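# A closer look at the structure
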Amino acid sequence: HNDRNDTQCQQCLPNHFCEDQKMFECTRNSASPAQSSSADDCICNPSYFKDTDGACQLCGIDTYCAAGVSNDCPQHSFYNFQGASSVLQCTCQHGFYRDHVEQYANGTGVFTCVVCEPNSHCFNNSIFDCPDDRQVSVAGSHTVRNCTCIDGHKNSQPDWQRCIECGGNTFC
């Protein structure tokens, strides 16, 4: 505010910050609320992080960027592209499933990729029991084809969803 009658004070606009009665635009790929008073109020957009020079860069492979910070995907998980904005975009490796998931409003969070348990198979972050009680699998199995029938039985073809007795005078 000043004592002049020929000027009018204006609110600092969104995606800008105002210092010393001057308005500056936030750097590329960042935003700020109206009435921001510092360059620190400009936060990188989702999928971007602030580098050491203060510029917002696209998040890299095997990372996610939330609240302007680059974070590694949790152990035993990955993201094959650039630009993830949430921890939930990271996917557990084959033979692992997602457990203990916590996601926070800003896109950050945690989860654990747990090795698939025996007599199950894991893919797409989930664990599934072998479909037939007579099927077994080893820890870390990643497909239903890892579920094999016990002696005297064979897997149904082509779906492997159940065990079929081998029949008399045969071995399988």
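Residues numbered from 1 in each chain as written. Predicted model: local features only at pLDDT ≥ 70, side-chain atom pairs only at ≥ 80, totals over all residues. Heavy atoms only, no water.

Here we take up the overall build of the protein chain. Secondary structure assignment for the protein chain yields zero helices and 18 strands. Projecting the C-alpha coordinates of the protein chain onto the three principal axes gives extents of approximately 105 × 25 × 25 Å. Sorting the 172 residues of the protein chain into buried and exposed places 33% on the buried side. In the protein chain, of all internal contacts separated by at least 6 residues, the share reaching a separation of at least 24 is 19%. As displayed, the protein chain offers around 11200 Å² of accessible surface, 48% of which is attributable to carbon and sulfur atoms. Once the 9 positive and 20 negative side-chain charges of the protein chain are each reduced to a mean point, those two points are 9 Å apart. (Helix = DSSP H or I, 4+ residues; strand = E, 2+ residues; numbered from the N terminus. Buried < 20%, exposed > 50% of the residue type's maximum accessible area, 1.4 Å probe, protein only. Contact = heavy atoms within 4.5 Å. Areas by Shrake-Rupley, 256 points an atom, 1.4 Å probe, with all protein chains shown as cover. Lys, Arg positive; Asp, Glu negative; His and termini not counted. Charge placed at Lys NZ, Arg CZ, Asp CG, Glu CD.)

Moving on to the side chain of Ser 137. As for its placement among the helices and strands, Ser 137 is situated in the loop between β15 (135-136) and β16 (148-149). On the basis of relative accessible area, Ser 137 is assigned to the buried category, the value being 9%. A distance of 2.7 Å separates the side chain of Ser 137 from the backbone oxygen of Ser 120, its partner in a polar contact. If sequence neighbours within four positions are ignored, Ser 137 has contacts with Glu 117, Pro 118, Asn 119, Ser 120, Cys 130, Asn 146 and Cys 147. (Polar contact = N/O pair within 3.5 Å; in protein donor to acceptor, adjacent residues only side chain to side chain.)

Moving on: the state of the cysteines. Applying the stated criterion to the full structure yields nine disulfides. Linked covalently through their sulfurs, Cys 44 and Cys 56 form a disulfide whose S-S length is 2.1 Å. Disulfide Cys 44-Cys 56: torsion about the S-S bond near -85°, hence left-handed. Here Cys 56 lies in strand β6 (residues 56-58) and Cys 44 lies in strand β4 (residues 43-44), a separation of 12 residues in the sequence. Cys 44 sits in the buried class, given a relative accessible area of 6%. By relative accessible area, Cys 56 is classed as buried at 7%. Bridging Cys 73 to Cys 90, the disulfide has an S-S length of 2.1 Å. Negative torsions about the S-S bond denote left-handed disulfides, and the value of about -70° found for Cys 73 with Cys 90 makes this one left-handed. With a gap of 17 residues between them, Cys 73 in the loop between β8 (69-72) and β9 (77-78) and Cys 90 in the loop between β9 and β10 (91-92) connect regions that are remote in the sequence. Taken as a pair, Cys 73 and Cys 90 share a single burial class, namely buried. (Disulfide = S-S within 2.5 Å.)

This part takes up the packing of aromatic side chains. By the definition in use, this model includes three aromatic pairs. Considering the side-chain rings of Phe 17 and Phe 24, the 5.3 Å spacing of their centres and the 25° angle between planes classify their relative orientation as stacked. Among the residues examined, Phe 24 registers a relative accessible area of 34% and is labelled partly exposed. Judged by centre distance (5.0 Å) and plane angle (25°), the ring pair of Phe 123 and Phe 128 falls under stacked. Residue Phe 123 is classed as partly exposed on the basis of its relative accessible area, which comes to 38%. Classification of Phe 128 by relative accessible area gives partly exposed; the value is 33%. For the cation-ring pair, Arg 98 lies above Phe 111, with the distance from its terminal atom to the ring centre recorded as 4.3 Å. (Phe/Tyr/Trp six-rings, centres within 6.5 Å; stacked < 30°, edge-to-face > 60°. Lys NZ or Arg CZ within 6 Å of the ring centre and 35° of its normal.)

Moving on: the pairing of strand β14 (residues 126-129). Relative to β14, strand β13 (residues 120-123) runs antiparallel, the two sharing four bridges. Each residue of the ladder has a partner; that of His 121, found in β14, is Phe 128. (Pairing = 2+ DSSP bridges.)

Our next topic: the environment of Ser 86. Looking at the element boundaries, Ser 86 is found in the loop between β9 and β10. Take Ser 86: its relative accessible area is 12%, and that puts it in the buried class. For the pair Ser 86 and Thr 108, spaced 22 residues apart in the sequence, the C-alpha separation amounts to 6.0 Å. Here Ser 86 is in contact with Tyr 64, Gln 103 and Gly 107, once residues within four sequence places are set aside. Here the side chain of Ser 86 touches Gln 103 through a polar contact of 2.7 Å, side chain to side chain.

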